[in-house]
Amino acid sequence: MATFTVKKQQTKPFDGQKPGTSGLRKKVKVFQQEHYLANFVQSTFKALPAEKIRGSTIVVSGDGRYYSEDAIQIIIKIAAANGVGQVWVGQDGLLSTPAVSCIIRDRVGSKGEKAYGAFILTASHNAGGPDEDFGIKYNTENGGPALESLTDKIFENTKNIKEYLIAEGIPHVDIHNTGRSTFSGPSGEFAVEVFDSTEEYVNLMKKIFDFEAISRLLARPDFTFCFDALHGVAGVYAKRIFVTELGAAESSLVNCVPKEDFGGGHPDPNLTYAKQLVKTMGLGSPVPEEIPEFGAAADGDADRNMILGKKFFVTPSDSVAIIAANAVGSIPYFRHGLKGVARSMPTSAALDVVAKGLGLRQFEVPTGWKFFGNLMDAGMCSICGEESFGTGSDHIREKDGIWAVLAWLSILAYRNRDVAADGKLVTVEDIVTLHWKTYGRHYYTRYDYENVDAGAAKNLMDHLVKHHSDLDGLNKIIKDTRPEVAEVALGDEFEYTDPVDGSVSSHQGVRFLFKDGSRLVFRLSGTGSVGATIRLYIEQYQSDRSKTGADAAGTLAPLVQVALVISKMEEFTGRSSPTVIT
Ligand code: G16
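Numbering of residues starts from 1 in each chain and follows the order in which that chain's sequence is written. Per-residue local features are limited, in this predicted model, to residues with pLDDT of at least 70; the limit for side-chain atom pairs, both in listing and counting, is 80 or more; totals at the level of whole chains, interfaces and linings are taken over all residues. Excluded from the side-chain calculation are hydrogens and water; included are all heavy atoms of the structure.

- An unreviewed UniProt entry lists the chain under the name phosphoglucomutase (alpha-D-glucose-1,6-bisphosphate-dependent), with Riccia fluitans given as the organism.
- UniProt positions are given in the numbering used here, feature names are shortened, and annotations may be inferred rather than shown by experiment. Note on the chain: under the UniProt heading Sequence similarities (unreviewed entry), the record states "Belongs to the phosphohexose mutase family."

This is how it looks when you write it as structure tokens:
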């Protein structure tokens, strides 16, 4: 057994190591600076109780993006030096974000240990490669992202760090073959265990869903299926679940080999970046002759998802509402009912209408999956979702792309359980349009202005807040711009008081709530790595069941125009159009 010693390495603080909406995301070149990653990891260990770290098990893995293997080796050495007992690594360093959450909650090691926390190496949907992004985030014992109280402590530590602990004598650990390597250090044995990345997660999915029912759906000659992993880590799980377990054709999987640069693409499952899938599903041009009935994509770390039907896009806000409305009958895990539902503030209120209809508790939280964790731990919420293509449930404490696809396949399987009288398949579009007829429709779109000058973005937000103190003036501007748009009834900055621990999160987005229920929300993204990204969320509710089939872009055009005028978007940013529309 190799032995190691602990060295105190002198270092200096780096600016800007503040974790964003979901961890620290920067260009690879920033992370490659000597001591940069080590500083952040040491600052994290220092923010955690020493007695919990001593002898603990920590998971370290991610979406396999460029720099992951180097980062895993560094973290192993710092963990050993800080007294961690063992590090669990998914084979090849791969674990999706939802699989990490599952591993923390469910995996029991050979000696009966459970994981205490995890470093997830991902910048999610951001591009990868030597000139692109890397990221790291810490997840806690409940399997969810660290709460603000912890990330604030980590950030404080990064500002004062003078030294970190690192093990000397641990060689490069093989993370490509499963097995256990042990080392002897000053405080006893330290181990690195490399294990199959899919097993626990697949077992969990089998407990939640009726795999036989989904297999029967996939076997129908009139049901065709397509899944695009955008070269992210979802490919590993997709092969095992959709092909091996559920019998889908291998050819239904595209871009399912994980690549460290995501094949040069942007692993973001939306209408702009999932170009190949969008085309396959008949939403681009030219329209293919054969279009699958169901298409889905996931992002780099497989926590986001996009659901498409034949020539049909399901907005993420509708997706979570529809899953909630259909869960009890379609998904065995929910057969005893839902404890409640939750959405992030900018997500459309489609979920609220379902909650009201079903008599469920409903919560509106700030953007960031971490805010759902407390509700779930307290047994207050079963299903939640975000407009940013995140959907999930209390089976883990992260959003879950593969879970969302299985949820949709379950709903389709349930709706098609008996062959319809006319023999026709109930499609994704049928399910969504029926939902609108039952609950009304929230027309919804999001405009992103990416990589805007940070100062200009701040000035725009300050300008918007000023409108709050002069609603009469604001309503005059609106009337002059588009008289058909309703008046603003309330303007504020969203503030959330966590009903479980009472913590308060302020400045979580600038809101304009209109008298007819429409909403405009402006936020600065917390997940970019350069400059600022302004997000503009636009929503209009149509309760008249006969008017739910209109074109979304046309319906929302007046409200969009109002948003651009009241924000002076072009004046502040110099941008005449957004970089991404979803
Ligand atoms: C993260 C969070 C999500 C959040 C999203 C968007 O997702 O986990 O809860 O909705 O960022 O954040 P922003 O609007 O601040 O960019 P991911 O998939 O990037 O980890």
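Description of the nonpolar core
Then, number 1: With 80 residues, the main nonpolar core has Phe-225, Phe-227, Phe-242, Phe-294 and Leu-406 as its most contacted residues.
Then, number 2: Tallying contributions element by element places helix α14 (residues 401-415) first for this core, with eleven residues.
Then, number 3: Here Leu-406 is in contact with Met-205, Phe-209, Phe-211, Ile-214, Ile-241, Phe-242 and Leu-246, once residues within four sequence places are set aside.
Then, number 4: For the purposes of this section, nonpolar cores are sets of buried Ala, Val, Leu, Ile, Met, Phe, Trp, Tyr and Cys residues that join through side-chain atoms within 4.5 Å. Classification of residues uses two cut-offs on accessible area relative to the type maximum, computed with a 1.4 Å probe and protein chains only: under 20% is buried, over 50% is exposed, and between them is partly exposed. With 47 residues, the next largest nonpolar core counts Ala-47, Ile-58, Ile-76 and Ile-154 among its residues. We count a stretch as a helix when DSSP gives it H or I for four or more residues in a row; a strand needs E for two or more, and each element gets its number in order from the N terminus. A contact between two residues is defined here by any heavy atoms of the two lying within 4.5 Å.

Digging into empty space enclosed by the protein
Then, number 1: Method remark: on a 1 Å grid restricted to protein atoms, a set of points is classed as a cavity if a 1.4 Å probe fits but cannot get out and as a pocket if it is open with protein on both sides within 12 Å along at least five of seven lines; lining residues have an atom within 4 Å of a point. Grid points are joined across faces, edges and corners, and a volume is the space filled by probe spheres set on the points. Inspection of the entire model under this criterion finds four cavities of 30 Å³ or more.
Then, number 2: As for the largest cavity, its lining consists of 27 residues, of which Thr-21, Ser-22, Arg-304, Lys-399 and Thr-527 are closest to the centre.
Then, number 3: Residues that form the lining of the largest cavity fall into these classes: three nonpolar, eleven polar and 13 charged.
Then, number 4: In this model, the second largest cavity occupies a volume close to 110 Å³.
Then, number 5: Lining the second largest cavity are 14 residues; nearest its centre among them are Gly-23, Lys-137, Tyr-138, Ala-146 and Thr-151.
Then, number 6: Of all the secondary structure elements, the ones that give two or more residues to the lining of the second largest cavity are β7 (133-139) and α6 (148-160).
Then, number 7: The greatest single-element share of the lining of the second largest cavity, amounting to three residues, is contributed by β7. Note on residue categories: nonpolar means Ala, Val, Leu, Ile, Met, Phe, Trp, Tyr, Cys or Pro, charged means Asp, Glu, Lys or Arg, and polar means any other residue, Gly included.

Focus: the sheet that holds strand β19 (residues 390-393)
Then, number 1: Taken in spatial order, the four strands make up an open sheet running β17-β16-β18-β19, and their pairing is mixed. Of all strands in the sheet, those with a lone pairing partner are β17 (362-365) and β19, marking the two edges. Here the strands of the sheet are splayed against their neighbours by 15° on average, with no regard to which way each runs.
Then, number 2: Here, strands pair whenever DSSP counts at least two bridges between them. Bridge count for strand β16 (residues 341-344) against strand β18 (residues 383-386) is three bridges, and the pairing is parallel. Bridge assignment links Ala-342 to a residue of β18, and that residue is Cys-384.
Then, number 3: Sheet strands touched by helix α12 (residues 350-358): β16 and β17. Its angle to β16, the strand with the most contacts, is close to 165°. Angular values range over 0 to 180 degrees, each being the angle between N-to-C directions of two axes fitted as lines to C-alpha atoms, with helices fitted over their stretch in contact.

Some thoughts on the site of the ligand
Then, number 1: Taken together, 19 residues form the shell around the ligand, and within it Glu-386, Arg-523, Gly-526, Thr-527 and Arg-535 come nearest.
Then, number 2: A 3.5 Å cut-off defines polar contacts: any pair of N or O atoms within that distance qualifies, except that in protein one atom must be a possible hydrogen donor and the other a possible acceptor, and neighbouring residues in sequence count only when both atoms are side-chain atoms. Here Ser-388 contributes a side-chain N or O atom positioned 2.7 Å from an oxygen atom of the ligand.
Then, number 3: Computed with a 1.4 Å probe, the accessible areas rest on the Shrake-Rupley method; for each residue, only the protein chains presented here act as cover. In isolation the ligand offers 470 Å² of accessible surface; the protein chains occlude 99% of this area.
Then, number 4: Given that more than half its atoms are within 2 Å of the pocket grid, the ligand belongs to the largest cavity.
Then, number 5: Along the lines of polarity and charge, the residues of the shell around the ligand split into one nonpolar, ten polar and eight charged. Summary of the distance rule: residues count as near a molecule or strand when at least one heavy atom falls within 4 Å of that molecule or strand. To decide whether a molecule occupies a pocket or cavity, check its atoms: if more than half lie within 2 Å of the grid points, it is inside.

As for the pattern of salt bridges
Then, number 1: Should a side-chain nitrogen of Lys or Arg be within 4 Å of a carboxyl oxygen of Asp or Glu, the pair is scored as a salt bridge. For the structure on display, the rule yields 34 salt bridges.
Then, number 2: Here Lys-310 makes a salt bridge to Glu-293, at a shortest N to O gap of 3.2 Å. Within this pair, whereas Lys-310 is found in the loop between β14 (305-309) and β15 (312-314), its partner Glu-293 is found in the loop between α10 (275-280) and β13 (294-298), the two being separated by 17 residues in sequence.
Then, number 3: According to the relative accessible area criterion, Glu-293 is buried, its value standing at 12%.
Then, number 4: Arg-535 is paired through a salt bridge with Asp-448; the nearest N and O atoms lie 3.2 Å apart. Taken together, the positions of Arg-535 in strand β26 (residues 532-542) and Asp-448 in strand β20 (residues 441-452) put the pair 87 residues apart, joining distant regions of the chain.
Then, number 5: By relative accessible area, which is 3% here, Asp-448 ends up buried.

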